[in-house]
Each structure stands twice: as C-alpha cells, then as structure tokens.
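Each chain, letter by letter, is given below.
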Amino acid sequence: MRSISVVIPNYNGKHLFEKYFENNYKILKGLGPNVQIIVVDDASKDDSVSYLEEHYGNDITIIRKEKNSGFANTCNLGIRKATNDLIFLLNTDVTLEEGYFEKLYKYFELEDTFGVMGRIIGMEDDNILDAARSPKILGRKIKPSNFFYLKDSDTLTPTFYLSGAIALMDTRKLKAINGFNEMFNPYYGEDQEMSIRAWRLGWKCYYEHNAVCRHEVSATTKGHKDNYSVKRIYFRNRYYMHHLHLHGADLNLYHLQVILSDVLPSILTLQFYKAEAYLDFLRNMNELKQRKTAFKRQMRTYKSNLGINDIIENIQIMLKYKQVVKL
C-alpha cells in the first residue's frame, strides 16, 4: 500500500470541519500508519484552527498563513510539505465514502499515471456533480465535454482534468510540475490548467466511477466575493489557461474569437466583467510569457512536444470502441 499525504486547504471552514471532518479522519486513519494529514489555513477569520487543534492537534499538521491568497497558493504550501508517495487534495466540503482509496491504488501501478479522481455526488442525493470529462475545441476555445463514465467498470477511464477537491496524485510528478499555477488565485480553473500540463508532459489523468465522495456545492467559495467579481476571475483564468497552452495561429485566432465573442458583447451589453477580465489578463502578459517559456523548457527536459490537439486525440483513442455513458 502506498503512503499518502492529505492536503486540505481551508478558509473559514470551521462549520465544514464540524460536519464532515470526523468521517474523513476515520477513513484516512483506517488506511494505516503511513498517512500524513496537512491542513493549510488561508488566514481564516473564524475558529477553524483552534477547533482543529483542540480535537485533532496531535494527529495533523497545521500550516497557518498570515495573509489570504487563494486556493492555488494554499494547496502548494501543503504540497511542498508533503513527504509521502501520493498526495490527496481534499476540500473541506467533501465527505468520503468507505473504500474510496482502495479503488484508486491500481492506477499508480502504471508508470505514466499523474493522478486519479473519483465520482462526486450530492450531499443529500446521488446526483452526479463531477465525473470524467473529455476536451473539445469550439472555434479555438478549449471546452470540457459533459460528464461521462464508461459502462465497463474494469476499463481505465481518462479524464481531461482532475478535480482539485478530491484528486489523488503522484507526489513526485506533482512536485515536478510545481503544483498549481498561482496566477489562478484566488480560485477557478487551476486544476484544469495543472492537468493540461500533466497531459502535455506525457502523463495521464484518470477517473474511477466506483470511488465515491459527496460534495456540498460551492460551500468553500460561498461568500468570498460578489457575483460580478467571481465571474471576472473565472473569465480571466480562462484567458490565462488558453494563452498558456495555445500557440501560433491557434493562439492568435483564439484572441480574435475572445474579442469578438466575449469582449465586444460585454461592452455593448454593459456587462463589463468579460472586458475587465480580458484587461486583467493583458496586464499580466509578462508573467504569462515567463511561465510559458519555463514550461517549454520543462517539456524539452521530458522530451515531449504534445499540445492540446494531441491531448484531445489521445483521449479519443483511449475511449475508442468503449461504451461511454454521457450524463
């Protein structure tokens, strides 16, 4: 059995720890002695840390941040602290079902596995909230498909990206790509962008339908910012992701598509969040360029030249002749 480091990002999550952590704690401790639990607190204003110290202080590592910065940075601090074979990212608003991990270990017998995620269902029902996704391109915009799974449960199911709420990943590979891109703080899209980097380096992301957890929807981001700001962050991060992973004519056509389909309609309809998101993106062009160059160097190190179209093709090949159940 592989050893696991569990990284739990937290912001004002005392009420969620009270509801869900005891169940998860029992499941994690049931995996044996080789489990490291790391909670990274993103400068909470509630009593999250004191609650954890009182109830679990001897069994978990707590990293306190002085300043709130968001999901990517918070997770990365925990990833750097992790010492075990595998890293499991776990949101505070998730509760694991029995046997979750036992169904995932087999994926790490494969040399090219980056990570695997299970099925996410509702807290009060069995409706599927997250499953496998495959990528597609509309114009030059990269879009994930609707959720799906394979009818044959013994077949390995690829997924375009791993959910940051419940992803189990190879520690060595995760640290090799430096975890999440912190330009995506405070939240949204960072798990998709990290998974794309993994695919482009020749690794694979998988989905396991029989590993199940429950999720309280948006409980960790509720109340962080007003709806306008959330939309602005979401679209800014979409523009980041495309700029980082499209090249040449595809990239130029993408920006033309964004200006025509996002920015101009945003201005004309006085719904300015997309136009402002694009300005945010333009302001950070230098850092994007640096990160893109650094990743190109890393791809050369790993002797890979895979792009988005190659990822799409590889996933389509893996799904060929399989019975895909679309949700």
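Refer to the structure presented above.
Residues numbered from 1 in each chain as written. Predicted model: local features only at pLDDT ≥ 70, side-chain atom pairs only at ≥ 80, totals over all residues. Heavy atoms only, no water.

Draft legend 1. Representation of the overall build of the protein. Secondary structure assignment for the protein yields 10 helices and 14 strands. Here the C-alpha atoms of the protein give a radius of gyration of 20 Å, agreeing with the 20 Å that 2.2 N^0.38 yields for 327 residues. The principal-axis extent of the C-alpha atoms belonging to the protein is close to 55 × 50 × 40 Å. For the protein, the proportion of its 327 residues judged to be buried stands at 56%. Considering only contacts in the protein between residues 6 or more positions apart, those separated by 24 or more positions represent 79%. Total accessible area computed for the protein in this model is approximately 15200 Å², and 49% of it derives from carbon and sulfur atoms. Between the mean site of the 45 positive side-chain charges and the mean site of the 39 negative ones, the protein shows a separation of 8 Å. (Helix = DSSP H or I, 4+ residues; strand = E, 2+ residues; numbered from the N terminus. Rg over C-alpha atoms; globule rule 2.2 N^0.38 Å. Buried < 20%, exposed > 50% of the residue type's maximum accessible area, 1.4 Å probe, protein only. Contact = heavy atoms within 4.5 Å. Areas by Shrake-Rupley, 256 points an atom, 1.4 Å probe, with all protein chains shown as cover. Lys, Arg positive; Asp, Glu negative; His and termini not counted. Charge placed at Lys NZ, Arg CZ, Asp CG, Glu CD.)

Draft legend 2. A nonpolar patch on the surface, seen in detail. A contiguous nonpolar patch, built from Y228, L253, L256, I259, L260, L264, I267, L268, L270 and F272 and spanning about 930 Å² of accessible area, is present on the exposed surface. No other element matches helix α7 (residues 248-268), which puts 7 residues into the nonpolar patch. Along the polypeptide, F272 turns up in the loop between α7 and α8 (273-283). When its relative accessible area of 34% is taken as the criterion, F272 is described as partly exposed. (Patch = residues over 30% accessible without salt bridge, like charges linked within 9 Å, V, L, I, M, F, W, Y side chains within 5 Å. Salt bridge = Lys/Arg side-chain N within 4 Å of Asp/Glu carboxyl O.)

Draft legend 3. Quick peek at the packing of aromatic side chains. The full count for this structure, using the stated rule, is 23 aromatic pairs. Measuring from centroid to centroid gives 5.7 Å for F184 and Y240, while their planes differ by 70°, and the two rings are edge-to-face. With F184 in the loop between α4 (171-176) and α5 (190-200) and Y240 in helix α6 (residues 227-245), the pair connects residues that are 56 residues apart, well separated along the chain. Side by side, F184 and Y240 carry an identical accessibility label, which is buried. With centroids separated by 5.9 Å and ring planes inclined at 35°, the aromatic side chains of F235 and Y273 adopt a geometry described as tilted. (Phe/Tyr/Trp six-rings, centres within 6.5 Å; stacked < 30°, edge-to-face > 60°.)

Draft legend 4. Spotlight on the pairing of strand β13 (residues 204-215). Most of β13 sits inside the fold, with 10 of its 12 residues counted as buried. Sheet analysis places strand β5 (residues 94-96) next to β13, joined by 3 bridges and oriented antiparallel. Within β13, the residue paired with V94 across the bridge is H215. Here strand β6 (residues 113-122) runs beside β13; their pairing, made up of 9 bridges, is parallel. Residue pairing in the sheet places R119 in a bridge with V212 of β13. Two elements, strand β11 (residues 157-158) and β13, share 2 bridges in a ladder whose sense is antiparallel. In the sheet register, T157 faces β13, and the bridge partner there is Y207. (Pairing = 2+ DSSP bridges.)

Draft legend 5. The arrangement of the side chain of R236 in detail. Summarising the element assignment, R236 is placed in helix α6. As a buried residue without a salt bridge, R236 has its nearest oppositely charged side chain in D280, at a separation of 5.7 Å. Non-local contacts of R236, meaning those with residues more than four positions away in its chain, are made with M183, F184, N185, P186, A277, D280 and F281.

Draft legend 6. Summary view of the environment of G189. Looking at the element boundaries, G189 is found in the loop between α4 and α5. Overall, G189 belongs to the partly exposed group, its relative accessible area being 30%. Linking G189 and D93, residues 96 residues apart in sequence, is a C-alpha distance of 18 Å.

In short, shape yes, function no, at least from these values alone.
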